[in-house]
Amino acid sequence: FSDADKEYGFKLLRYLCDYFLIEVISAAWMGNHFHLVVYAPGPDELPPLEVIVKRHNGYYKAMKKIFKFGPRTPVISLENQTQCQEIALKMIDISRFMSAYQRQFTCIYNETRNRTGQLWGGRFKSVILERINALAACVTYVELNPVRAGLKNSPADYNFTTWGRYCRS
């Protein structure tokens, strides 16, 4: 991936996190792959349905401005509590998040290179990290990826990790 591709990968993360309730803890874009460590709240941690409605409708309103077409998913109303609850559960689904992320990245990647077809080798891999030391080890692994690959001597010097971006700002 080019630096522009990696930059788009981070931009797309921010964009999708405006919709999904998934929080990115750590991310690294490498030459031919990326790593994400994310937090997905459980069903018992959902915000009030008013927040879900506002987030959903705001996201699709913005999409309409960006892409100049109406939303594929209809505007929702707090009056339909069942629909709001269903959408809230979709907003915490890591598989849906990753599907949207990989699909949207692939569309732009293919469009800018006049190519078609799949970009990723298969379904994403995920692991549940239940202990804090497992989370710390995983974040360390992701952030040190460019150092292990010989791209930089310090993770702070690599622009396409969350730590590198944090150190730049």
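Anything mentioned here points back to the structure above.
Reference entry: report on the structure contained in this document. These numbers were taken from a predicted model, which means no experiment stands behind them. (Residues numbered from 1 in each chain as written. Predicted model: local features only at pLDDT ≥ 70, side-chain atom pairs only at ≥ 80, totals over all residues. Heavy atoms only, no water.)

## Examining the overall build of the protein chain
The following threshold applies: Numbered from the N terminus, helices here are DSSP runs of H or I no shorter than four residues, and strands are runs of E no shorter than two. Think of it in three bands: residues with accessible area under 20% of the maximum for their type are buried, residues over 50% are exposed, and the middle band is partly exposed, with areas taken using a 1.4 Å probe on protein chains only. In these tables, accessible area is a Shrake-Rupley quantity obtained with a 1.4 Å probe, and a residue counts as shielded only by the protein chains included in the view. When charges are counted, Lys and Arg are positive and Asp and Glu negative, with His and the chain ends excluded. For charged residues, the charge sits on one atom: NZ in Lys, CZ in Arg, CG in Asp, CD in Glu.
Looking only at helices and strands, the protein chain has seven helices and two strands in total. Expressed as lengths along the three principal axes of its C-alpha atoms, the size of the protein chain is roughly 55 × 45 × 35 Å. Looking at the protein chain residue by residue over its 169 residues, the buried ones come to 35%. In the form shown here, the protein chain has an accessible surface area of approximately 10,600 Å², with 54% of it arising from carbon and sulfur atoms. Where the 22 positive side-chain charges of the protein chain centre and where its 15 negative ones centre are 7 Å apart.

## Comments concerning the packing of aromatic side chains
Any two aromatic rings considered together are summarised by their centre-to-centre distance and by the angle between their planes. Defined as follows: Only Phe, Tyr and Trp rings are paired, with Trp represented by its six-membered ring, and only when their centres lie within 6.5 Å; those with planes under 30 degrees apart are stacked, over 60 edge-to-face, the remainder tilted. By definition, being over a ring means that NZ of Lys or CZ of Arg is both within 6 Å of the ring centre and within 35 degrees of the ring normal.
Evaluated as defined, the whole model comprises 22 aromatic pairs. Aromatic side chains Phe-34 and Trp-120 sit 5.2 Å apart centroid to centroid with 85° between the ring planes, which places their arrangement in the edge-to-face category. In this pair, Phe-34 sits in strand β2 (residues 34-39) while Trp-120 sits in the loop between α4 (94-113) and α5 (132-143), placing the two residues 86 residues apart along the sequence. Of the two residues, Phe-34 and Trp-120, neither departs from the other in class, the shared state being buried. Both rings, one in Phe-105 and one in Tyr-109, keep their centres 6.1 Å apart while their planes meet at 25°; by these two values the pair is stacked. With Phe-105 and Tyr-109 both in helix α4 and four residues apart, the pair spans about one turn of that helix. The exposure classification of Phe-105 matches that of Tyr-109, with both residues buried. The ring centre of Phe-10 lies 3.9 Å from the NZ or CZ of Arg-165, which sits over that ring.

## Side note on helix α3 (residues 81-90)
For the record, the criterion: In this description, the arc belongs to the directions extending from the helix axis to the C-beta atoms.
When α3 is considered as a whole, its buried residues turn out to be Cys-84, Ile-87 and Ala-88. Looking straight down α3, one finds that the buried residues subtend no more than 105° of arc, so they occupy a single side.

## Section: the pattern of salt bridges
What counts here: Throughout this description, the term salt bridge denotes a Lys or Arg side-chain nitrogen within 4 Å of a carboxyl oxygen of Asp or Glu.
Tallying each qualifying case throughout the model produces four salt bridges. The partner of Asp-3 in a salt bridge is Lys-6, and the shortest N-O contact between them spans 4.0 Å. Of this pair, Asp-3 and Lys-6 both sit in helix α1 (residues 3-17), three residues apart, which is roughly one turn of the helix. According to the relative accessible area criterion, Asp-3 is partly exposed, its value standing at 48%. Ionic pairing is found between Asp-93 and Arg-96, a salt bridge with its closest N-O pair at 3.9 Å.

## Digging into the pairing of strand β1 (residues 23-29)
So the rule is basically this: Whether two strands pair depends on DSSP finding at least two bridges between them.
With six bridges joining them, β1 and β2 adopt antiparallel strand pairing. Looking at the pairing, Trp-29 lines up with Phe-34 of β2. What sits between β1 and β2 in their antiparallel hairpin is a turn of four residues.

## Quick word on the side chain of Lys-6
Short version of the rule: Here a polar contact is recorded for every N or O atom pair within 3.5 Å, except that within protein the pair must consist of a potential hydrogen donor and a potential acceptor, and residues adjacent in sequence are included only if both atoms are side-chain atoms. When checking whether two residues touch, look at their non-hydrogen atoms; a contact exists if any pair is within 4.5 Å.
Take Lys-6: its relative accessible area is 8%, and that puts it in the buried class. Polar contacts involving the side chain of Lys-6 include one to the side chain of Tyr-158, which spans 3.2 Å. Excluding its chain neighbours within four sequence positions, the residues that come into contact with Lys-6 are Phe-1, Trp-29, Met-30, Gly-31, Tyr-158 and Phe-160.

## Considering unusual backbone geometry
If you check the backbone angles, Asn-114 has positive phi at about 50° while not being a glycine. Examined against the element boundaries, Asn-114 turns out to sit in the loop between α4 and α5. In this structure Asn-114 comes out as exposed when scored by relative accessible area, which is 77%.

## Overview of the side chain of Gln-102
Looking at the secondary structure, you find Gln-102 in helix α4. Once residues lying within four places of it in the same chain are set aside, the contact partners of Gln-102 are Phe-34, Trp-120 and Phe-124.

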